[in-house]
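Structural features, examined
Given next are the chains, with one letter for each unit.
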Number of protein chains: 4
Amino acid sequence: MTESYRGLLDEEKVFKDPVHRYIHVRDKLIWALIGTKEFQRLRRVRQLGTSYVTFHGAEHTRFTHSLGVYEITRRMIEVFQGRPHWNEKDRQLALVSALLHDVGHGPFSHSFEKVFHSDHEAWTRAIILGDTEVNQVLTSIGPDFAKEVAEVIEKTSSNKLVTSMISSQIDADRMDYLQRDAYYIGVSYGHFDMERILRVMRPTEDQVVIKQSGMHAVEDYIMSRYQMYWQVYFHPVTRSAEVILSKIFQRAKFLYKEGYRFQQPPQHLFSFFEGKPTLTDYLKLDESIVLYYFQMWQEEDDEILKDLCHRFINRKLFKYVEINPNNQMADWARLRELFTQAGLDPDYYLVVDSSSDLPYDFYRPGEEEERVPIHLVKPNGKLRELSRESDLVESISGKKRTDHKLYYPSDWLASKENKVEKEEIRNLLFQER
Amino acid sequence: MTESYRGLLDEEKVFKDPVHRYIHVRDKLIWALIGTKEFQRLRRVRQLGTSYVTFHGAEHTRFTHSLGVYEITRRMIEVFQGRPHWNEKDRQLALVSALLHDVGHGPFSHSFEKVFHSDHEAWTRAIILGDTEVNQVLTSIGPDFAKEVAEVIEKTSSNKLVTSMISSQIDADRMDYLQRDAYYIGVSYGHFDMERILRVMRPTEDQVVIKQSGMHAVEDYIMSRYQMYWQVYFHPVTRSAEVILSKIFQRAKFLYKEGYRFQQPPQHLFSFFEGKPTLTDYLKLDESIVLYYFQMWQEEDDEILKDLCHRFINRKLFKYVEINPNNQMADWARLRELFTQAGLDPDYYLVVDSSSDLPYDFYRPGEEEERVPIHLVKPNGKLRELSRESDLVESISGKKRTDHKLYYPSDWLASKENKVEKEEIRNLLFQER
Amino acid sequence: MTESYRGLLDEEKVFKDPVHRYIHVRDKLIWALIGTKEFQRLRRVRQLGTSYVTFHGAEHTRFTHSLGVYEITRRMIEVFQGRPHWNEKDRQLALVSALLHDVGHGPFSHSFEKVFHSDHEAWTRAIILGDTEVNQVLTSIGPDFAKEVAEVIEKTSSNKLVTSMISSQIDADRMDYLQRDAYYIGVSYGHFDMERILRVMRPTEDQVVIKQSGMHAVEDYIMSRYQMYWQVYFHPVTRSAEVILSKIFQRAKFLYKEGYRFQQPPQHLFSFFEGKPTLTDYLKLDESIVLYYFQMWQEEDDEILKDLCHRFINRKLFKYVEINPNNQMADWARLRELFTQAGLDPDYYLVVDSSSDLPYDFYRPGEEEERVPIHLVKPNGKLRELSRESDLVESISGKKRTDHKLYYPSDWLASKENKVEKEEIRNLLFQER
Amino acid sequence: MTESYRGLLDEEKVFKDPVHRYIHVRDKLIWALIGTKEFQRLRRVRQLGTSYVTFHGAEHTRFTHSLGVYEITRRMIEVFQGRPHWNEKDRQLALVSALLHDVGHGPFSHSFEKVFHSDHEAWTRAIILGDTEVNQVLTSIGPDFAKEVAEVIEKTSSNKLVTSMISSQIDADRMDYLQRDAYYIGVSYGHFDMERILRVMRPTEDQVVIKQSGMHAVEDYIMSRYQMYWQVYFHPVTRSAEVILSKIFQRAKFLYKEGYRFQQPPQHLFSFFEGKPTLTDYLKLDESIVLYYFQMWQEEDDEILKDLCHRFINRKLFKYVEINPNNQMADWARLRELFTQAGLDPDYYLVVDSSSDLPYDFYRPGEEEERVPIHLVKPNGKLRELSRESDLVESISGKKRTDHKLYYPSDWLASKENKVEKEEIRNLLFQER
């Protein structure tokens, strides 16, 4: 591929999109990137992992989300054009970074990464800089272009303005996923007035800021985000599926390490079990591959692997109780004992899962997912951090909310064997708290 | 499973649904059926097959559609309750038939059935009557209930009213899929006023009829159907993916018959290649299984299988020209010769695909998909077939529209080898018609 | 007002609009025109006249519609910019013509014009060219500008392209009102994909044409139009209110001519009764003025005027039967006799109203509302009239549909007096047809 | 009218409604009430008073809102039927109270009531209990029924459950107007999931409560309310129109008291000027009457009345600056002096307007608009006040937010006369605060 992807297409291409109505592509570069096999692979990775077990509409993919982030960025640039601080030569950098920001995501990333100590951001970098179709297309623009894109996505770029378009408390990424996830699921929470927010966005040297007059639209966006987290992303049923998924990966890795002979050996996963996956290995993975193994493993000899896969495929999920991890450690130890006595391995069948969210945070130095806070620009040109202007945002800022749930197989608990232990288990699980 | 599923749940269950807002389940029977593994399997079969290559939102599954048809039927029954001709004891029969009407669908049904002479309606019957969780649940209601359900779905039931609720020119099935497909894709064509149509539906001995005052809402529905067919279901890019998919199945079957040694043998498909699949074989299939093989086969030795799978997975589709099959037979024979000379097997790389639709038909005896026509009931109680009352419907009734497209690999045609043949191929393909 | 309105505003102004989300104003000229008292007056004239008696949401005004037509034209121009045949210097001409195309509408135009032989198009011309704030603003742009605008609106301009943007079978006017009326009323019929239509519109020397690929979106628009006419614009209850309204105007004029002494003399209407209204007279009218008189006249001495006003204000409308004017002339004469005998003046209480619509017409030379037909432009650049390409449009083209209804006061008919005549009236009205 | 309005209509009537899709009427009683002239009068009173000058879509009337509140109540009852504490004989009481809760509203109530010390709640009572068509219809149901309805609307009824359906922090009234106002204006703020809220509402002896599982939907509703207040109801431009409107009423009353001779005497308002309006006087009023006078008064001799009417009719509104009434009293006194010196009466041309809102309040004993707080019912049946369960609501509870604006005529301030005073006025108005 020695072709160059500079310049514009003869005719604009459009994708029909339910969230943004149309996604418009004028640049050869963007069109070529969408056509690469690494980007097409995102069609086989769901945006919301296991949420589809709770919300049957949540089958949309990272492919659609990536196009959406690109489109929002494109519209943001239309607003920026001709304004101070906006440099038209950053246009392609912003568009490409938006399009590729999730290109390193793999199947069921959340659980997969936890078990295999994998990191989709590292894979994104690898895909952009490695021996891929994506890299070939990017390099046709200039020798350093791929590296510039990687730095924006990694938030190490000196171009802070473009970085903040993709990664901040109010960026193209979040504005797309909140609306898109709400749309496909059918909840009303994801509504906010993006058209208004885009109109009041202004470029500065360091970041995108919001005109004071748009404050209420931003408040609405923050509330939307808050509701989506607690109503959708942290839904307890989704987390149950996620728990089982993690335990399947964990069990398969354990069995592999133990030298277990799989009837259906997961050749795609060997290098992950060993902690030495190559980019080629990673790119072969997608959710149909993972689901293929899970289905086949319903007939494995190992009882745990077999049972967990059967649960995942046929949606026989765990139930849960709320717990307080601080004052229930004794119960927890006793429950593990009882599970073991009753013949069920608590490492796989008694699982604590915690979620937490900061609805908006203006200052969290050193935290893992540190995003630039939102600044309003007053009519006199001065900047003010959002929570100092908005009563609503101030009232919820920095309030971290966490919940802890203990997952267990209720069907097993209802069955007849090991009555004594189960009686005590039930007492411990269902006590007043 | 000796449990009985008669009666109502302690508390109504709801599913969030973007099309109908909520799907409501009161009956233990319905809840149990949704939980069976045969029904959960529909989560792994897309509603629109390969349409997602054209419309990236079209990832919704037959699971969601089946719930939708159930919900519409439930609302229809709310309107019917207490009216003449409606027998409340048919309620469960109607709801279950609605829920299960597509339970026999497999992965990429359209192409799969064509190549393997499989029939999802026969599989539906097999799932309902065979040794399945679905059958166990149904039998708990009564010994003949499963058979009654199967007959409604097969349109052989003596209960014509319930049959017409599920299968007619304006039934719960069509009303769900038109709206649902339009929603997930994001096109405006699927809009019609279902709430109005439901309100004007009336049961009669033989079928559901529509009050005269609802005629315009029905016209709108018919136009919606017409547009969805030509804009979405018969979209030429979707058909290109479908052509390649069929050719993959055809090639794999051919290779199997020839004794070819697959690096990744498709054990799930052997009994289909041999024409003797069991129900167990069929139920193991889903779209992740199929996509797993397609991905693996990108590394097969057979050049055709490998290339077609690569095309399907990475969306390197065929292009097309419109043809007139009546007067272009000579061209067609010559094109096949030229393809062969240039080294490409025309059986796989030069494919005619035809689509046709009747927007509304009042009388098509003996045709394959014969559905009951729509009747209006006048204020005086007399019935009139829709096209006799509606100028709009009359003007498009019985007008079959067909188009024919010839699909070919344009990338190959653009490459340098075999210049002479390709020159002539281009002349034949792109001549004025 | 010697100010000039050339150039752009310091900051863009926006109006929140439910149909187009935002209406954007950059030009000083447009902003100044919106602020004129002649344009503000459109806030006091409903877009749909008496439709609010049928559809309670239909309270929106010609002010909102005018802004909507302006906004669509503005978006059309965005698509046209830089394309052949589009002359950027026509931008203001098109925007202003769009904004002002209905500025001459008065209260309840339909009935008002019929009774007083008034013509809103003549008034539009008078407002644009006369001694008005509108004219002052227009003249600040150039001495001939007002005249150019008037000619576009009157369809006498040599600039056929701009004319067709405002007045053709698919223009900014119709695209706004179909969507807007549907939105405020809450019907689903008004949906079509305007964004798509705008994207496929192309300027030519003579008119706006549509790219072939947009044909289906245009079909959808034509169907939408068809449904809106028959479901909304010609709704029989609306026509009943319109009948009564006309009869009030007719009676007031008659009384005036007779020398009747009004308790509340309609000073605003005197010059209209005499057929010599000035522009000043006309601009003082709006719907609150008309409704003021109607309310006051509920206490007039004249029984007919009093009764009709009471009916209009309190929504005690006439009922109707369908008639066939060709073969019921004898009945008609007899009914008039009977009404007279029973003491009710048939000129006011027995009224035939007819509606007719051509859903799409490609060739209607010499007809009153002759609009340019829709042309598609093929990939090879050739133009084809829409109905030659679209089966759907062809099937309904040129089919004029007319209905005739006879309106009468059913409450009077149900009351006890004059039993003999009423018996015969009922027989004639409700006979089988 | 000796007819009885007990029982059901032969056929259900429906109103098309954009917010609730359809409004369903089965009861003769409801149908008869809608047909009364007092209820039809609500068609001539806008729901949002002067908001239409800011949001051009806000032309919807109290008629549509009243139907909407009725419809929500009807749906609430569908959820309540068969549940403990719900007494089916309260059905008509609830429906009628919902329908009639605003029947006493007059033209531009907010300003009208302030100037004339009128009270729409007293008029509602008068309409229900007085000599009206409404009262006749109600009395046909039973001699005490009208009184029961009046007490529910006045919140003095012993039936606290029905009262809370119409008047509480989350009642049919608010749920309708938030959605309806948002719809007609076209803002996104009004979205919340009413269908969900209705499903989780439960009757108790004292009030409607919400199932714990519906808490997030209620949070969303409270945020929606918060945004609508600050974005729409307290919009500074609307308040400018309201200021002018009040001043017109104030001036007309003043002139009347002074014995001024009106060219167009406002006979409809005399009894209001004198503080002794009868019900008949009140029912003759509506917004077309008021607008008629305002238009006529543009030609009065009194300069102030004439100017204010001209401003209102042609939307030449006042501008504003934010003020702090606590520390600007000296400025305020000086500004009044300067206005007087420059020839403009500060009583009419320098007006402070304040708005304040409590987004949600759980305890406000003795306050004017004391509504029942929201209670959640936990799975164990215990009630908890919302703000004790919801972090979000807790964080904004009881936080009263007030703003103060000073309105003045900026066009006058920009004109040339009285340069000295105006210079000082500008300095005082536009100083840094």
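Residues numbered from 1 in each chain as written. Chains lettered and ligands numbered in written order. Predicted model: local features only at pLDDT ≥ 70, side-chain atom pairs only at ≥ 80, totals over all residues.

Going by an unreviewed UniProt entry, chain A carries the name HD domain-containing protein and comes from Alkalicoccobacillus porphyridii.

Points about the overall build of chain A
Counting its secondary structure elements, chain A contains 23 helices and nine strands. Here the C-alpha radius of gyration of chain A, 24 Å, is about what a compact globule of 433 residues would show, namely 22 Å. On the principal axes, the C-alpha backbone points of chain A span a range of 75 × 55 × 35 Å. Counting only residues that meet the buried cut, chain A has 50% of its 433 residues in that class. For chain A, restricting intrachain contacts to residue pairs at least 6 apart in sequence, the fraction spanning at least 24 positions comes to 69%. (Helix = DSSP H or I, 4+ residues; strand = E, 2+ residues; numbered from the N terminus. Rg over C-alpha atoms; globule rule 2.2 N^0.38 Å. Buried ≥ 20, exposed ≤ 12 C-beta atoms within 10 Å, placed from the backbone. Contact = placed C-beta atoms within 7 Å.)

Examining the sheet that holds strand β3 (residues 201-203) of chain A
All names here are of chain A. Across the sheet, four strands lie side by side as β3-β4-β7-β8; this open sheet has mixed pairing. Since the sheet does not close on itself, it has two edges, and those belong to β3 and β8 (383-385), each with one partner. For this sheet the average axis-to-axis angle between neighbouring strands, irrespective of direction, equals 45°. (Pairing = 2+ DSSP bridges. Axes fitted to C-alpha atoms, helices over the stretch in contact; angles between N-to-C directions.)

Concerning the environment of Gln263 of chain B
Residues and elements named next belong to chain B. Mapped onto the elements, Gln263 comes out in the loop between α13 (236-258) and α14 (270-273). As for Gln263 and Ala122, which are separated by 141 residues in sequence, their C-alpha atoms are 32 Å apart. Residues within four places of Gln263 in sequence aside, it is in contact with Glu299 and Glu300.

Considering the relation of the copies chain B and chain A
When chain B is fitted onto chain A, the two copies agree to an RMSD of 0.0 Å after a turn of 180° and an axial shift of 0.0 Å. In the structure described here, the two chain copies are related by an operation that fits a two-fold rotation axis. Taking C-alpha positions as reference, the residue of chain B nearest the rotation axis is Ser288 of chain B, located at 2.1 Å. Interface overlap between copies is the fraction of interface residues in one copy that are interface residues in the other; for chain B against chain A it reaches 100%, indicating a shared surface. (Least-squares fit on C-alpha atoms with pLDDT ≥ 70 in both.)

Considering the sheet that holds strand β4 (residues 208-211) of chain B
Residues and elements named next belong to chain B. Ordered by their spatial adjacency, four strands build an open sheet running β3-β4-β7-β8, and the pairing between neighbours is mixed. In this open sheet, the two edge strands, each paired with only one partner strand, are β3 (201-203) and β8 (383-385). Neighbour-to-neighbour, the strand axes of the sheet open up by a mean angle of 45°, direction not taken into account. When β3 meets β4, the two strands line up antiparallel, connected through three bridges. Counterpart to Met201 in the pairing with β4 is Ile210.

Description of the UniProt feature "domain: HD" (unreviewed entry) in chain A
Taking the numbering used here, the UniProt-annotated feature "domain: HD" (unreviewed entry) corresponds to residues 62-178 of chain A. Within residues 62-178 of chain A, the helical portion is 67% and the strand portion 0%, while the C-alpha atoms at the span's ends are 13 Å from each other. (UniProt positions renumbered as here; feature names shortened; annotations may be inferred.)

So, the interface of chain B and chain A
With 28 residues of chain B at the interface, the matching set in chain A holds 28 residues. Among the elements of the structure, β1 (8-17), α2 (37-40), α3 (62-80), α10 (172-185) and α16 (287-296) of chain B are those that each provide at least two residues to the side of chain B that touches chain A. Among the elements that line the side of chain B that touches chain A, the one with the most residues is α16 of chain B, at five residues. For the side of chain B that touches chain A, the residue count by class is twelve nonpolar, ten polar and six charged. (Nonpolar A, V, L, I, M, F, W, Y, C, P; charged D, E, K, R; others polar.)

Details of the nonpolar core
Grouped together as the largest cluster of nonpolar side chains are 493 residues, with contacts concentrated most on Leu33 of chain A, Leu33 of chain B, Leu33 of chain C together with Leu33 of chain D. With residues near it in sequence (within four places) discarded, Leu33 of chain B still touches Phe39, Val96, Leu99, Leu100, Val134 and Val137 of chain B. (Core = buried A, V, L, I, M, F, W, Y, C linked by C-beta atoms within 7 Å.)

Remarks on the packing of helix α5 (residues 109-116) of chain A against helix α13 (residues 236-258) of chain A
Residue and element names in this part refer to chain A. For the pair α5 and α13, interaxial distance at closest approach is 9 Å and the crossing angle is 35°. α5 and α13 meet at a crossing whose hand is right-handed. Between α5 and α13, the contacting residues are His110, Ser111, Phe112, Lys114, Val115 and Phe116 on the first element and Glu242, Leu245, Ser246, Phe249, Gln250 and Lys253 on the second. By residue class, the composition of the contact of α5 with α13 is five nonpolar, four polar and three charged. (Left-handed = near helix turned anticlockwise from the far one by under 90°.)

Quick notes on the environment of Tyr5 of chain A
Residues and elements named next belong to chain A. Mapped onto the elements of the fold, Tyr5 is located in the segment before β1 (8-17). Sequence-wise, Tyr5 and Gln136 are 131 residues apart; in three dimensions their C-alpha atoms are separated by 10.0 Å. When sequence neighbours within four positions are dropped, the list of residues in contact with Tyr5 reads Lys28, Leu29, Ala32, Val137, Ser140 and Ile141.

Some remarks on the pairing of strand β4 (residues 208-211) of chain D
Residue and element names in this part refer to chain D. Joining the antiparallel neighbours strand β3 (residues 201-203) and β4 is a turn of four residues. Pairing of β4 with strand β7 (residues 375-377) involves two bridges; the strand directions are parallel. Each residue of the ladder has a partner; that of Lys211, found in β7, is Val377.

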